[in-house]
Each structure stands twice: as structure tokens, then as C-alpha cells.
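One-letter residues, chain by chain:
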Amino acid sequence: MPATKEEIIAGLIQAYNMEVETIVNYLANSIHLDGVRADFVKQALTADIQEEMTHAQQIGNRIKQLGGRIPGSQALKMTQSDLQPPEDTTAVIDVIRGVLAAEESAIRHYNELIKKTDGVDYVTQDLMISILANEEAHRQQFEGYLKEYTKS
Ligand SMILES: [Fe+2]
Ligand SMILES: [Fe+2]
């Protein structure tokens, strides 16, 4: 069902919030993990921080263009319980699973926004589609890591 401009702005603010929280947690985990097995995952997270930052910037610019207010730190809600740095610093699999949960929830949210903007806001829709393609690529990358790390 097509959304109002206010609903689209609210959806974009939520997307911005998710991207910023993802950056915070990818950053923490890219530093936190130890061991040979963690190295590739740490490198992948470090590279993804830049991509998620680009998403946040693109979404923030669209919020601005639509007349919305970009949230500061006190307006953000932090909810990614699956992506907290694990107590065991070699628990790479836990981090991979947390990344997959974050990417899945981003994918779900972008798919919703693509539907909501259909016929009413093609510029936002186009942006959501291009970000969705990036998130699907992230998911594929980490699904590959999970496959390897869970092989006995
Ligand atoms: Fe992203
Ligand atoms: Fe992502």
C-alpha cells in the first residue's frame, strides 16, 4: 500500500537508525575479535563500515530533501542484541550470525520501503533498491563465511 510522505520519512529515519547502529557494531566487532579464523571476518567488517556509512549518508540526504530531521544520537534507538561483541573474543561464528541478523532485518526493511514508495516516491524507491542490492551482497558474503566456519 502506498504511503504518505510522513510515513516515508519515518521509514527512512528508521533505516538511518539501523545503518548507524550497524556501523557502531561492525566497528566494535572488527576490533574485538581475536585469532587467525577471525582475520577475514574483521577485514570484511572493516570494509563494510564504509559501505554502511555511505548508506547512512544517502538516506540522511533523502530525509533532508523530503523535509525531515536527521536524528542525532539521543534520537537513536539501539536494538541489535545479536551483534554485541561476544565475551569469547574467538567466537567468530556468533558475530557472523549477528551480521546475518542485521543484514536480514535491513533487507526486510528496504523491501517494505520499496513497496510503500511504489507509485508515490520513485526517487526514494530507487535509492532503496540500490541499497537493497548492497545488503543482499553483504548477506551472501557472510552466508559464505558461515558455511565455511560451521563445516566440521
Ligand atoms: Fe547498509
Ligand atoms: Fe549491510
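Let me begin by describing the structure that accompanies this report. Along each chain, residues carry numbers from 1 onward, in the same order as the chain's sequence is written. Just so you know, chain letters begin at A and ligand numbers begin at 1, following the order they were written in. Per-residue local features are limited, in this predicted model, to residues with pLDDT of at least 70; the limit for side-chain atom pairs, both in listing and counting, is 80 or more; totals at the level of whole chains, interfaces and linings are taken over all residues.

### Observations concerning the overall build of the protein
The helix and strand labels rest on DSSP assignments: H or I over at least four residues marks a helix, E over at least two residues marks a strand, and numbering proceeds from the N terminus. Across its full length, the protein holds four helices and zero strands. Within these notes, the globule rule equals 2.2 Å times the number of residues to the 0.38 power, and the radius of gyration is based on C-alpha atoms. Relative to the globule expectation of 15 Å for 152 residues, the C-alpha radius of gyration of the protein, 16 Å, shows essentially globular dimensions. Counting only C-alpha atoms and orienting by the principal axes, one finds that the protein spans roughly 50 × 30 × 20 Å. Exposed residues have 12 or fewer other C-beta atoms within 10 Å of their own C-beta, buried residues have 20 or more, and residues in between are partly exposed; the C-beta atoms are placed from the backbone. A total of 152 residues make up the protein; the buried ones form 30% of that total. Here, residues touch in the contact sense if the C-beta positions derived from the backbone fall within 7 Å of one another. The long-range fraction of contacts in the protein, counting pairs at least 24 apart against all pairs at least 6 apart in sequence, stands at 74%.

### Quick word on the environment of Glu21
For Glu21, the position within the fold is in helix α1 (residues 5-32). It is 9.7 Å that separates the C-alpha atoms of Glu21 and Glu52, two residues lying 31 residues apart in sequence. Among all residues touching Glu21, those that are not within four sequence positions of it are Met78 and Gln80.

### Considerations on the packing of helix α3 (residues 92-117) against helix α4 (residues 122-149)
Angles here are taken between N-to-C directions and fall from 0 to 180 degrees, while the axes themselves are lines fitted to C-alpha atoms, restricted in helices to the stretch in contact. Contact geometry for α3 and α4: axes closest at 9 Å, N-to-C directions at 155°. Overall, the two elements α3 and α4 adopt an arrangement that is roughly antiparallel. As for the relative orientation of α3 and α4, their crossing is left-handed in sense. Working definition: roughly parallel below 35 degrees, roughly antiparallel above 145 degrees, roughly perpendicular at 65 to 115 degrees, and oblique for all remaining angles. Helix crossings get a hand from a simple test, with the near helix turned counterclockwise from the far one by less than a right angle marking a left-handed crossing and a clockwise turn marking a right-handed one.

### A few points about the nonpolar core
Counting residues in each nonpolar core, the largest one holds 27 residues, and the members touching the most others are Tyr16 and Val41. Looking at this core, the elements that each hand over two or more residues are α1, α2 (39-65), α3 and α4. With eight residues, the single largest contributor to this core is α3. Residues within four places of Val41 in sequence aside, it is in contact with Leu33, Val92, Val95, Ile96 and Tyr145. Linking buried Ala, Val, Leu, Ile, Met, Phe, Trp, Tyr and Cys residues through C-beta atoms within 7 Å yields a set, and such a set is a nonpolar core.

### So, the environment of Met78
With respect to the helices and strands, Met78 occurs in the loop between α2 and α3. For the pair Met78 and Asp39, spaced 39 residues apart in the sequence, the C-alpha separation amounts to 27 Å.

### Description of the environment of Thr4
Relative to the elements of secondary structure, Thr4 occurs in the segment before α1. The spatial distance from the C-alpha of Thr4 to the C-alpha of His138 is 30 Å, given a sequence separation of 134 residues.

### Details of the packing of α2 against α4
Look at α2 against α4: their axes get within 11 Å of each other, and the N-to-C directions meet at 170°. Judged by the inter-axis angle, α2 sits roughly antiparallel to α4. The handedness of the crossing between α2 and α4 is left-handed. Where α2 approaches α4, its residues Val41, Ala44, Asp48, Glu51, His55, Gln58 and Arg62 are matched on the opposing element by Thr124, Leu127, Ile131, Asn134, His138, Gln141 and Tyr145. Residues are sorted three ways: Asp, Glu, Lys and Arg are charged, Ala, Val, Leu, Ile, Met, Phe, Trp, Tyr, Cys and Pro are nonpolar, and all the rest, Gly among them, are polar. Its residues assigned to classes, the contact of α2 with α4 comprises five nonpolar, six polar and three charged.

### Thoughts on α3
In an α-helix there are 3.6 residues to a turn, and that puts residues three or four apart on one side. Every helix has an expected span of 1.5 Å times one less than the residues it contains. Its 26 residues place the ends of α3 37 Å apart at the C-alpha level, agreeing with the 38 Å of an ideal helix rising 1.5 Å per residue. For α3, the complete set of buried residues consists of Val92, Val95, Ile96, Gly98, Val99, Ala102, Glu103, Ala106, Tyr110, Leu113, Lys116 and Thr117. Looking at the buried residues of α3, the elements they touch are α1, α2 and α4. Just downstream of α3, Gly119 is the residue with a positive phi angle, here 80°.

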